Amino acid sequence: MRRDTLVQRKMSWIVSSLLVLLVVLSVTRTETQAGEKVQRLIFVSAGFNESNRFWTIARPFQIQFDPFLETLLDLDPKTGAYIPRLAETWQPSADQKEWTFFLRKGVPFHFGYGEFTARDVVHTHSLMLRQEAISTLAGFWRGVEEIKVIDDYQVVFRMKSPSSTLPYAVSRSGDLRVVSKTQWDKEGLEGFDKRPAGTGSYRYVDRKLGQSISYERVDNHWRGEQPAFKELEIRISREDSTRLAMLLRGEAHVVDLPRELQGEALKRGMKVLASQLPSEWLSVYFGGQYHIPGDPKFKADVPWNDRRVRQAMNLAVNRTELRDNLFKDKGRLIYVSGFAPHLEGWNPEWAQRFDSLYGYNPTKAKELLKAAGYAPDTLQAKILAFTSPGEAELPQVGEAVASYFNDVGIQATLEAIDEAQFGSMNRAKELPCCIWPNITGLRPTEELLRTAYYSKGNGHLFEDEFVEKKYLELTRLVDPQERQRVAMEIGDHLFEEFATIPLLSIHNEVVVNPKVVADWTYPGPGAGRTTHFYLLKAAQ
């Protein structure tokens, strides 16, 4: 008998609401007194992989570096456009194989390690080449043939192939966090681990693994940035209800919260702040999609190797209901995972065809499963659930998807997994067993393809000969029209193959105590999502 998905979801919401009620009843709120100025701003995150070694940390976890380690280019906090930062100007060669950066003079490193120069850029890039480097763009940085130092304030990145995405990679969206060569020469890795020197408007104080990271404001920052709060602390708390309780008790001033808990926070006088731009997309991915002939990781018996099964799973999901209930009617439907109207490869025809091919249709889903040889309740699917900063809804999305699958005769189970363990298994292509939802930051299409769909990347979401060939063709192109043509061919192929279960594009959101934080302007596409900590505006 078909289970009513909506009723099942409502039961989950009731349980969540009861848990929230228990939390709220246990809260004794510590009010911020009128006229009392908070000196130490406390941001509580759902957690992230912790290390001062930025070259080993993926983009979603770069939040821990944003306050104190700067990049060559910045993102405009309102528009997301690339703007000067440690580099004042930049220009590519006609073939985009060389990018020249003119560096800013007079920028001091923290703790007295001298002035920022071109040699610090070369040193920072060298860290991305270390054996343990597994940051999101580590593969991209290995595509640098040479960084040529012209003088102390001019460097040239010479790439192995044309690189239209270099501005993205060296911006606050990327992971090339400039650090001091002088410190490294004096203290080595041990000294860097203990107290890394950056150039940001906050400087690093200390780290308590599993608990928190602390920073202090830099007076007279070289760019004139003046953070409103003298001290900043990013704490880690994995439990959603605990973060809510900390906010209500006055123990935290900014928190990550899933949208289903935001309502209770709003009732208690808190405020939701959102990124200026849609910053990420939500999709569900099929493990084991390694279709390039000869790949030793490919397993022929994975059910969703069959295109009909992938389409059936897409048809099983009620995207509108999921958006309305889990995301409170926020977010726009997407048609191909990672593709957006402002990025290369977008095809407006996807929207016109989406409902007939992907739209909620349990009857058609069952027919496709039968045609693929799966009688009701014979296909099993394990759905993995993990959380990351700004991704608090992922377990609930996994639960909803499992419910939808069960409704069409797929025996779906949900399994919690540590995000670090998941990342390691995914990089090693050890997840043909499973399906998982994830929220991923938007990025240029070529970089999306490199990280998510190219066999030598680290995402391994869907790999086949067509994507492989066309991605390599795209990397050699400079002409915008030709690039659009090839990128759209790849997008069309992913669309026709039902390569993923695309769901929504969404803004990043945080919940704040408005008696402490009046506003926070940040774009959203920055690495770590919540960026520009110096723009946290204190309440008057």
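Reading the values: the criteria
Residues numbered from 1 in each chain as written. Predicted model: local features only at pLDDT ≥ 70, side-chain atom pairs only at ≥ 80, totals over all residues. Heavy atoms only, no water. Disulfide = S-S within 2.5 Å. Buried < 20%, exposed > 50% of the residue type's maximum accessible area, 1.4 Å probe, protein only. Helix = DSSP H or I, 4+ residues; strand = E, 2+ residues; numbered from the N terminus. Pairing = 2+ DSSP bridges. Contact = heavy atoms within 4.5 Å. Polar contact = N/O pair within 3.5 Å; in protein donor to acceptor, adjacent residues only side chain to side chain.

### Focus: the state of the cysteines
Working definition of a disulfide: a covalent bond connecting the sulfur atoms of two cysteines.
Line of reasoning, step 1. Following the criterion strictly, the structure yields one disulfide and no others.
Line of reasoning, step 2. One disulfide in the model links Cys 433 with Cys 434; its S-S distance is 2.2 Å. What sets the handedness of the Cys 433 and Cys 434 disulfide is the S-S torsion sign, and at about -90° it is left-handed.
Line of reasoning, step 3. Overall, Cys 434 belongs to the buried group, its relative accessible area being 2%.

### Focus: helix H8 (residues 307-316)
Line of reasoning, step 1. Taken across its ten residues, H8 has eight buried, putting it largely inside the fold.
Line of reasoning, step 2. Looking at H8, one finds that the buried residues are Val 309, Arg 310, Gln 311, Ala 312, Met 313, Asn 314, Leu 315 and Ala 316.

### Some remarks on the sheet that holds strand S16 (residues 410-416)
Line of reasoning, step 1. Across the sheet, which stays open at both edges, the six strands sit in the order S14-S18-S13-S17-S15-S16 with mixed pairing between neighbours. With partners counted over all chains shown, the strands left at the sheet margins are strand S14 (332-333) and S16, one partner each.
Line of reasoning, step 2. Judged from the seven bridges that link them, strand S15 (residues 379-385) and S16 form a sheet pairing that is parallel. Paired with Leu 379 across the bridge in S16 is Ile 410.

### Describing the environment of Gln 411
Line of reasoning, step 1. Mapped onto the elements, Gln 411 comes out in strand S16.
Line of reasoning, step 2. For the pair formed by Gln 411 and Asp 519, sequence separation is 108 residues and the distance between their alpha carbons is 45 Å.
Line of reasoning, step 3. With residues near it in sequence (within four places) discarded, Gln 411 still touches Asp 377, Leu 379, Gln 380, Ala 381 and Asn 406.
Line of reasoning, step 4. In terms of polar contacts, Gln 411 uses its side chain to reach the side chain of Asp 377, at 2.7 Å.

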